[in-house]
Amino acid sequence: MTERVAGVRLAPYTTLGLGGPARAFVAAESAEQIVELVAAADRAGEPVLVLGGGSNLVVSDEGFDGLVVRVASRGIEIDGDRITVQAGEDWDALVARAVAEGRSGIECLSGIPGLVGSTPIQNVGAYGQDVSQTIAGVRVYDRKGGDVRDLPARECGFAYRHSVFKEELGRYVVLAVTYELAGDGLSGPVAYKELAGRLGVALGERVPPAEARAAVLELRRGKGMVLDADDPDSRSAGSFFTNPILTAPEAAELELRAPGFPRWDMPDGSVKVPAAWLIENAGFPKGYRRGPARISTKHTLAMTNPEMSATTAELLDLAREVRDGVREKFGVTLVNEPVMVGTHL
Ligand SMILES: Cc1cc2nc3c(=O)[nH]c(=O)nc-3n(C[C@H](O)[C@H](O)[C@H](O)COP(=O)(O)OP(=O)(O)OC[C@H]3O[C@@H](n4cnc5c(N)ncnc54)[C@H](O)[C@@H]3O)c2cc1C
């Protein structure tokens, strides 16, 4: 669809299978086209939604009253350890290629759906790696300044599931990402206990990247976290809630309500708490259902549309019930990880 088409339903373009129509929809097949389309819409005062693989989106039942620009730019350039990838390339295909070439740094991010251009937005991460560890720079179109710029990683504001791109959502359109991937034939040091256990190595050890990829894919499949048409648990937007990061006083308060709660103590004194533990212990087990929406039967953090029969409103009813239940029991407010379009939690 390189021409503008009116009234395209967005549900088939999201992994949740949810979302009403877009006023207009167009695919952009190069960085130049992306910039032209977005700039023209901005001049006309038309709202824009940049759409990748739709795997981190919750679109309202009313849809999007503006122009949806689907990113479809392709191209990979290699210069030694540096790989510059156009935003529309498939993320997992890039990981597979890097692994096959013996490059390391993104092997633990195997099986994550979506496109390359979306990876810096929420600093995609899993199993002890996130893209901020390997991104050297990001080429963006800055809608505020109206110019194309190359941002070095230090200007991207990367943090846990966060970046300057999420902070000022909509301001920057990612056109290409440059990753620096060491080519020494070994994975990055294994930094996730469950993965180390599966690989039979100690934390900090390195393995061939292909072994790390295979182990991660196996672990992810067991949790319904690899897109699979035959697995209703994968009809999700991945983890629906981020792991809350509490200040030391907040953590002390939680200790009173939940003595010995599981925690990761962060170097800055804050405390990260597993959202899945909070949800389960607030009375929402895996498979918990509210109408047609369900918590994944394999992974507490994923809110799913298992029969593809729910509406966005119904999915959000479930998510709100979970958020409110956790707040009541533990005094901690969970925050959604996926981006909401035309709606909110
Ligand atoms: C089964 C499953 C498992 C998942 N596992 C993980 C995981 O382990 N770790 C993790 O971090 N995430 C995970 N996710 C979430 C998701 O896959 C990632 O966030 C992914 O990077 C989203 O990519 P996308 O192309 O689908 O983005 P979309 O959903 O299309 O877009 C997400 C946001 O990014 C914006 N955006 C997209 N492309 C651009 C661009 N080029 N420029 C500017 N803005 C843009 C959109 O406007 C939107 O705000 C999972 C999702 C699913 C369904």
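Up top is the structure.
Rules of the game
Residues numbered from 1 in each chain as written. Predicted model: local features only at pLDDT ≥ 70, side-chain atom pairs only at ≥ 80, totals over all residues. Heavy atoms only, no water. Near = heavy atom within 4 Å. Polar contact = N/O pair within 3.5 Å; in protein donor to acceptor, adjacent residues only side chain to side chain. Areas by Shrake-Rupley, 256 points an atom, 1.4 Å probe, with all protein chains shown as cover. Helix = DSSP H or I, 4+ residues; strand = E, 2+ residues; numbered from the N terminus. Nonpolar A, V, L, I, M, F, W, Y, C, P; charged D, E, K, R; others polar. Buried < 20%, exposed > 50% of the residue type's maximum accessible area, 1.4 Å probe, protein only. Pairing = 2+ DSSP bridges. Axes fitted to C-alpha atoms, helices over the stretch in contact; angles between N-to-C directions. Contact = heavy atoms within 4.5 Å.

Draft legend 1. Up close: the site of the ligand. Not every one of the 34 residues close to the ligand is listed here, only the nearest: Val 50, Gly 53, Ser 55, Ser 118 and Arg 220. Gly 52 places a polar main-chain atom, nitrogen or oxygen, 2.8 Å from an oxygen atom of the ligand. Note that a nitrogen atom of the ligand is positioned 2.7 Å from one of the backbone N or O atoms of Gly 125. Contact with the protein chains covers 96% of the free accessible surface of the ligand, which is 980 Å². Contributing elements (two or more residues each) for the shell around the ligand: strand 3 (48-51), strand 8 (125-126) and strand 12 (172-180). Classifying every residue of the shell around the ligand gives 18 nonpolar, 13 polar and 3 charged.

Draft legend 2. How the structure looks around unusual backbone geometry. Within the chain, Asn 123 stands out as a residue other than glycine whose phi angle is a positive 45 degrees. Position of Asn 123 relative to the elements: it lies in the loop between helix 2 (91-100) and strand 8. One non-glycine residue with positive phi stands out, namely Met 308, at about 55 degrees. One can find Met 308 in the loop between strand 18 (303-304) and helix 8 (312-330). According to the relative accessible area criterion, Met 308 is partly exposed, its value standing at 41%.

Draft legend 3. Looking closely at the sheet that holds strand 11 (residues 147-152). Pairing is antiparallel across the open sheet formed by 5 strands, whose spatial order is 6-7-12-10-11. Either end of the sheet is taken by a strand with one partner, and the two such strands are strand 6 (76-79) and strand 11. Strand-to-strand twist across the sheet, computed as the mean angle between neighbouring axes with direction ignored, equals 20 degrees. Relative to strand 12, strand 7 (residues 82-86) is paired through 5 bridges, and the arrangement is antiparallel. The partner of Gln 86 across the bridge, within strand 12, is Ala 176. Running at roughly 155 degrees to strand 12, helix 1 (residues 31-44) makes contact with strand 7, strand 10 (135-142), strand 11 and strand 12 of the sheet.

Draft legend 4. The arrangement of the pairing of strand 7 in detail. Relative to strand 7, strand 6 runs antiparallel, the two sharing 4 bridges. Counterpart to Asp 79 in the pairing with strand 7 is Arg 82. Counted along the chain from strand 6 to the antiparallel partner strand 7, the turn is 2 residues long, and its residue Gly 80 has a positive phi close to 65 degrees.

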